[in-house]
Amino acid sequence: MDFDYFRSNEGTPTNNTRQSLLASGWRPFNRELDWEFLWQLLYSDYRELTQKSLNLASNLADVLGRNNYAWWANILNVVSENTRYEVEKFWNYITPDPQSPDHRYKDVLSTETPIVQFVSRSSIPIDYVLNRLQEITVLRVLGVLGNPDIITQYYSERDFYFPIDKFISWERLDVINTVYAYWAKYDVWLQIDPYDRGRRQYSLMAKNLAPLINKATYDLAVMLSGYQSRVGKVHSQFNIRTFPADIQNFTDSVQQAILNQNQLAVVVHGQPGTGKTVWTQAVAKEILVPLGYVIFILDHDAIANFVPPTYIERICIVINEADNLAQNRASEVAQYNNKTEHILSLLDGTLYQSVIDESGIQMQQRLVVLMTCNTTERLDPAMLRKGRVDLIYEFTQLFI
């Protein structure tokens, strides 16, 4: 059952909440006079500036010029809450606002954390695993960025900042309202929105997030296989150079094609025990991971629902027993599922590149598909057509 999550900052602000912020390390943000900003304000909006200045002077004159109070009472009234409010309002007008994100940045990557898993026995947790991958990516990017230059939070009509030298981790940061953080070196913003039950949403914004995402996703692998689905690292039992000489030569051809092509599909076939699956693991670990590819190992159920994540630049998909998936559509068995069409559209690129954001990472996305099967006879002929599968090789020797 799904849950609804409500913003924790809804409701009336309290002094206790403000005291909680101060107790957890937050400090009031004091706006400073910026002569360049004031000059621009005077140049572009001098009438409004003049009017507000006269209004403030009029309010102060009214306070100091009261005849029915003693002079010292008038002076005390200058520091009253109402007068202080008027002065602060004018000060906030003539001083620049704290830095805030440019929401026109084209690259945005968001995640809720911690990710909550909703799965039934009738479905594999593909959405959970992909959301978990996105969460890991965002948190890893934050690890690459390190400590920000500034952390701010607006609450109860006051701006607060968190001293960077006191910052330990994002999990330990007290977040009551929306928090912003900025890294000038990378020109990256982070926005944290709180939910109840301790959950938060992290949103990264930048002109170009791709280099940071590439660093953050290095050596990551995703396995989508029933209830064994998880995010981790690629494990290979054997080194490529332990395979027979002919397979090593074929691997060299695969490596060269990976370097030269934006999209590559490879099919290896042979009898069980010839090392097809362990070969894909070796290629993934020794060739693709060093090149920055994120590995997705998909089973029969996952391939029917999988769409490559749009924020990852280099993706490798490993499909074992492809002859049980992309079966000849003329056969009766293949007519009961749409897995063949899904794989064909994946190889064609129509699945994830029919509609793309020209400013997004999909324009540079690279895809490698490694498929294994016992025989190519059951594969749909359209799949083996030129332009879909680039390299085919038969493993003939038993591999132990």
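It should be emphasised that the depicted structure is a prediction, and the values quoted were computed from it without experimental measurement.

Trainee: Quick question: what am I supposed to make of the overall build of the chain here?
Mentor: On a plain count of helices and strands, the chain comes out with 12 helices and 14 strands. Taken across its 400 residues, the chain has 44% of its residues classed as buried. For the chain, restricting intrachain contacts to residue pairs at least 6 apart in sequence, the fraction spanning at least 24 positions comes to 70%. As presented, the chain carries roughly 22,100 Å² of accessible surface, and 50% of it is formed by carbon and sulfur atoms.

Trainee: Would you mind going over the packing of helix H3 (residues 46–64) against helix H5 (residues 81–94) with me for this structure?
Mentor: Any two packed helices are characterised by the angle at which their axes cross and by the distance between the axes. Two numbers describe how H3 lies on H5: the axes approach to 11 Å, and their chain directions differ by 160°. The angle between H3 and H5 falls in the class roughly antiparallel. In this structure, the crossing between H3 and H5 has a hand that is left-handed. When H3 is examined against H5, the residues Glu48, Leu49, Lys52, Ser53, Leu56, Asn59, Leu60 and Val63 are found in contact with a partner set consisting of Thr83, Glu86, Val87, Phe90, Tyr93 and Ile94. Class assignment for the residues of the contact of H3 with H5 results in eight nonpolar, three polar and three charged.

Trainee: Where do I start with the environment of Phe395 in this structure?
Mentor: Along the chain, Phe395 falls in strand S14 (residues 391–395). On the basis of relative accessible area, Phe395 is assigned to the buried category, the value being 1%. Once the C-alpha coordinates of Phe395 and Pro244 are considered, the two residues, 151 residues apart in sequence, prove to be 9.5 Å apart.

Trainee: What's the story with the side chain of Gln248 in this structure? I'm lost.
Mentor: Checked against the element boundaries, Gln248 lands in helix H8 (residues 245–260). Given a relative accessible area of 16%, Gln248 falls into the buried group. A polar atom in the side chain of Gln248 sits 3.0 Å from the side chain of Arg241.

Trainee: How should I be thinking about H3 in this particular structure?
Mentor: Working note: α-helix, 3.6 residues per turn, so residues spaced by three or four point in the same direction. Between its terminal C-alpha atoms H3 stretches 27 Å, which fits the 27 Å expected from 19 residues at 1.5 Å a residue. Along H3, the residues classified as buried are Leu49, Leu56 and Val63. Within H3, the buried residues cover an arc of 60° as seen down the axis, which keeps them to one side. For H3, exposure combined with an orientation more than 90 degrees from the buried face picks out Arg47, Leu54 and Asp62.

Trainee: When you look at the sheet that holds strand S6 (residues 188–194) in this model, what are you seeing that I'm missing?
Mentor: Strand pairing in a sheet takes place through backbone hydrogen bonds and is either antiparallel or parallel in direction. The strand order S1-S4-S3-S5-S6-S7-S2 describes an open sheet built from seven strands, whose pairing is antiparallel. The strands lining the two open edges of the sheet, one partner per strand, are strand S1 (27–28) and strand S2 (107–113). In the packing of helix H6 (residues 126–145) onto the sheet, the strands contacted are S2, strand S5 (179–183), S6 and strand S7 (200–206), and the crossing angle to S2 comes to about 110°.

Trainee: Even after reading the chapter, I still don't get the pattern of salt bridges, so can you show me in this structure?
Mentor: A side chain of one charge can pair with a side chain of the opposite charge when the charged atoms of the two come close. Under the criterion given, the structure shown has eight salt bridges. Across the salt bridge formed by Lys89 and Glu86, the nearest N and O atoms sit 3.6 Å from each other. Residue Lys89 and its partner Glu86 are located together in helix H5, separated by three residues, close to a single helical turn. Between Lys106 and Asp107 there is a salt bridge; the shortest N-O distance is 3.3 Å. A network of salt bridges, in which partner residues are shared, links Arg140, Asp219 and Lys233.

Trainee: Any chance you could explain unusual backbone geometry here in plain terms?
Mentor: Negative phi is the rule for most residues except glycine; trans is the rule for most peptide bonds. A cis amide bond links Thr113 to the next residue, Pro114, at an omega of -5°. Relative to the assigned elements, Pro114 resides in the loop between S2 and H6. A positive phi is found at Asp187, a non-glycine position, where the angle reads about 55°. Looking at the secondary structure, you find Asp187 in the loop between S5 and S6. Although it is not a glycine, Asp219 sits at a positive phi angle of roughly 70°. Its location among the elements puts Asp219 in the loop between helix H7 (210–216) and strand S8 (221–224).

Thresholds applied
Residues numbered from 1 in each chain as written. Predicted model: local features only at pLDDT ≥ 70, side-chain atom pairs only at ≥ 80, totals over all residues. Heavy atoms only, no water. Helix = DSSP H or I, 4+ residues; strand = E, 2+ residues; numbered from the N terminus. Buried < 20%, exposed > 50% of the residue type's maximum accessible area, 1.4 Å probe, protein only. Contact = heavy atoms within 4.5 Å. Areas by Shrake-Rupley, 256 points an atom, 1.4 Å probe, with all protein chains shown as cover. Axes fitted to C-alpha atoms, helices over the stretch in contact; angles between N-to-C directions. Parallel < 35°, antiparallel > 145°, perpendicular 65-115°, else oblique. Left-handed = near helix turned anticlockwise from the far one by under 90°. Nonpolar A, V, L, I, M, F, W, Y, C, P; charged D, E, K, R; others polar. Polar contact = N/O pair within 3.5 Å; in protein donor to acceptor, adjacent residues only side chain to side chain. Expected span 1.5 Å × (residues − 1). Arc of directions from axis to C-beta. Pairing = 2+ DSSP bridges. Salt bridge = Lys/Arg side-chain N within 4 Å of Asp/Glu carboxyl O.

Function-wise, these values are silent; they only describe arrangement.
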